[in-house]
Amino acid sequence: MEQNGSSPVISLRGIKKFYQMGDVEVRALRGVDVDIYPGEMLAIMGPSGSGKSTLMNIIGCLDVPSEGVYELDGKDVSRLKDDQLAAIRNHKIGFVFQSFNLLPRTTAVANVELPLIYGGVSGRQRRQRAEDSLRLVGLGERLDHKPNELSGGQQQRVAIARALVNTPSMILADEPTGNLDSKTSIEIMELFQRLNQERGITIVFVTHNPETADYCHRVVRVRDGMVESDISRRATAGIYATGGEPPSAPPSEPQEVQP
Amino acid sequence: MKVIEALRIAMRALAANKLRSVLTMLGIIIGVGAVIALMSIGRGVEKYVTDQFAGLGSNLLFVAPGQISDGPPSLRPNTVKALTLADMEAIADPSRVPHAASVAADFQTRVSVTRAGKTVDVQASATTPEYPLVRNWNTTAGSYFSTLDSDERQRVVLLGADTYQELFPNNEYPVDQIVQINEMNFRVIGVMESKGGGPGGNLDKSVFLPLTTGQDRLFKQKTPNGEYKVSVIYVSIDQSENIPLAQEEITQLMRERRGINYLDQDDFSIVSQNDLIAVFGDILGALTIFLGAIAAISLLVGGIGIMNIMLVSVTERTREIGLRKAVGAKRADVLVQFLIEAMALAAAGGFLGVALGWSLALLVSTAFGDFEAVVGADAIFTSLIVATAVGLFFGIFPAFRASRLNPIDALRYE
Ligand SMILES: Nc1ncnc2c1ncn2[C@@H]1O[C@H](COP(=O)(O)OP(=O)(O)O)[C@@H](O)[C@H]1O
Ligand SMILES: [Mg+2]
């Protein structure tokens, strides 16, 4: 991967997605062109039904476009088969969901190990990496807690640790704070921001919430399956290339993220 | 994904729903349990019967009135024309049955035997003097009665090993002691070697006396023209390869003596050890088919139960499957996970079934003294393999369904 962001992680060209609903063809995406560069923290916004989730599913390799080309890390992934997509998701993408999606009755560390199991990482190494990942999100003391023994914010941290554990090219988060109260939402967004700034991890959010979008230095607005606007608050290519300070985090005091 | 991993996931899923898992296994538990129990009992019976035949004496033919299908000789209806001592004497004629090495007659009935205030009900065999020779049977004390004893209708008796134990609890020397048979005094002249049970009852729980004494003094069972009735005639054949020929000669002789017309059926039977073993073999064969049917039906029911519960499980865990796929599980990973779960369920059912069947076999063994049900390692092994294979087979459809789930739909599933 290019360190200074000269080539995009994600390159979408003319992406269209149609769903056949009986006789009707639903045109969820009608030609989307977006480039996302390494180290970006980006929000996709738009009204309900505008195609955000569809776009996210394609970016996350959960689905393939009906038309257009999607290059991930310079490799065309728009026509791959199920199992090939699964391998790409495993190695390059970390997901964070609105409803956490942790396995019940399963410890935090075992939940975080999940992607490593399918990545063929051996048992001991797996446990080590899962623990490291949990420490990174501030849950070093909660390794063997099960989801029902954790608060919503802690559960979402486990989910973030799980997304990080395979050192993916990017993290995709669909409404990650949708199920959290505002104080916990701030903690989670600051965690994302810290991961983005300190580790240069590319993060793409889907959100309704303008406050979530405030943490991002780029906002892509979608409407009726097309990109309506694409606003950067600072030149994306310059964030790390200029060696300057990281983009200033919008509202709120920088809070203690570590427990 | 590694199989160990899938096994751990499966165990966790089964443990999370213990009651449901056990109920699902019930078909397999009962099926395997029934097969193990009946199979071990069947083997026990086979072993028991084989042991009994081993004690019969070799190259032996039994001649009895009526057909085998009428039941054991002692239970055959009175309408069947009885055998007589004269029949035995005819068979003993070397010009008619040259391969008969020795011949003996035996009239069997129940008697009560009393000594020193203690009474036992046993079978009495009223025999001819050649009896121990034909049965290849020795005494442990004294000796069998002689032709003279027989001719003189002496009131002498030999005791079976168990009968001796019961009447002489302090192991007194029995010879020349007096016992009462049906309230008539008899002198004990010997004790037979222990032989264990046989197809005609446990010979150790018998007494032996001369046929002449028995029929003239005790039972008085004679034909209208005054001949001694007998229950069985034993013929020992000189060489085993001559048995079929001897069987043919005796049949011919008996048909003549009993005046059976050319086309009519025999009203007597001649049975060799091999015939008896073959009969038991047929019974065991039928039992095996019956067992197979039980096993097949309950395994089918059990398998359908497993398929049903696995389909429920796949639906319940749709989100889990979606998540696993989202983080990189391939179709084969999900397929293997659910197949292993179905197999683990079935194998656990198989284990419980083996435990159940084994307990039943032990129960039966304890209930029937000298009979022992044999639980074979091969039966256990086969049961477990078959149970697991049933799990595999009936798990294929649910597992295939799970592996085909679209991760997007699955994650959205409520
Ligand atoms: N699997 C599908 N089948 C049919 N129509 C779909 C499917 N997924 C999404 N759509 C339609 O595509 C459009 C965009 O949906 P979506 O991407 O979920 O929007 P958003 O996430 O912005 O609310 C909507 O009109 C929706 O009804
Ligand atoms: Mg949506």
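Residues numbered from 1 in each chain as written. Chains lettered and ligands numbered in written order. Predicted model: local features only at pLDDT ≥ 70, side-chain atom pairs only at ≥ 80, totals over all residues. Heavy atoms only, no water.

S.K.: I tried to follow the overall build of chain B on my own but got confused; where do I start?
M.R.: Of regular secondary structure, chain B possesses 13 helices and 14 strands. Taking 22 Å as the expected radius of gyration for a compact globule of 414 residues, we find that chain B reaches 32 Å, considerably beyond that expectation. Its C-alpha atoms give chain B principal-axis dimensions of roughly 105 × 60 × 35 Å. Burial statistics for chain B: of 414 residues in total, 50% are counted as buried. Partitioning the contacts of chain B with sequence separation of at least 6, the portion at a separation of at least 24 is 75%. A total accessible area of about 19700 Å² is found for chain B, and carbon and sulfur atoms account for 60% of it. Taking the average location of the 35 positive side-chain charges in chain B and that of its 41 negative ones, the two points are 14 Å from each other. (Helix = DSSP H or I, 4+ residues; strand = E, 2+ residues; numbered from the N terminus. Rg over C-alpha atoms; globule rule 2.2 N^0.38 Å. Buried < 20%, exposed > 50% of the residue type's maximum accessible area, 1.4 Å probe, protein only. Contact = heavy atoms within 4.5 Å. Areas by Shrake-Rupley, 256 points an atom, 1.4 Å probe, with all protein chains shown as cover. Lys, Arg positive; Asp, Glu negative; His and termini not counted. Charge placed at Lys NZ, Arg CZ, Asp CG, Glu CD.)

S.K.: Explain the site of ligand 1 here, please?
M.R.: All names here are of chain A. Taken together, the residues surrounding ligand 1 are Y19, M21, V26, A28, P47, S48, G49, S50, G51, K52, S53 and T54. Here an oxygen atom of ligand 1 and a backbone polar atom of G51 are 3.0 Å apart. Note that an oxygen atom of ligand 1 is positioned 2.9 Å from one of the backbone N or O atoms of K52. Surface burial for ligand 1 is 68%, taken as the share of its 560 Å² of free accessible area covered by protein chains. The set of elements that each furnish at least two residues to the shell around ligand 1 consists of β1 (10-21), β2 (24-36) and α1 (52-59). Residue contributions to the shell around ligand 1 peak at 3 residues, all from α1. Classifying every residue of the shell around ligand 1 gives 5 nonpolar, 6 polar and 1 charged. (Near = heavy atom within 4 Å. Polar contact = N/O pair within 3.5 Å; in protein donor to acceptor, adjacent residues only side chain to side chain. Nonpolar A, V, L, I, M, F, W, Y, C, P; charged D, E, K, R; others polar.)

S.K.: Quick question: what am I supposed to make of the nonpolar core here?
M.R.: A general trend in soluble globular proteins is that nonpolar side chains are found buried together. Of all hydrophobic cores here, the largest spans 69 residues; its most connected members are I10(A), I59(A), Y70(A) and L72(A). Residue contacts for Y70(A): discarding those within four places in its chain leaves I10(A), S11(A), L12(A), I15(A), I58(A), I59(A), C61(A), K75(A), D76(A), V77(A), S78(A) and M170(A). Core analysis: the second largest hydrophobic core is formed by 47 residues, A100(B), V122(B), V157(B) and F268(B) among them. (Core = buried A, V, L, I, M, F, W, Y, C linked by side-chain atoms within 4.5 Å.)

S.K.: Got a minute to help me understand the sheet that holds β1(A) in this structure?
M.R.: Picture the strands of a sheet paired through backbone hydrogen bonds; they go either parallel or antiparallel. All names here are of chain A. Ordered by their spatial adjacency, 4 strands build an open sheet running β2-β1-β4-β5, and the pairing between neighbours is antiparallel. The outermost strands of the open sheet, each flanked by one partner alone, are β2 and β5 (75-76). One ladder, built from 2 bridges, connects strand β4 (residues 67-72) with β5; its direction is antiparallel. Across the sheet, residue L72 finds its bridge partner in β5, namely K75. Sheet strands touched by α1: β1, β2 and β4. Its angle to β1, the strand with the most contacts, is close to 120 degrees. (Pairing = 2+ DSSP bridges. Axes fitted to C-alpha atoms, helices over the stretch in contact; angles between N-to-C directions.)

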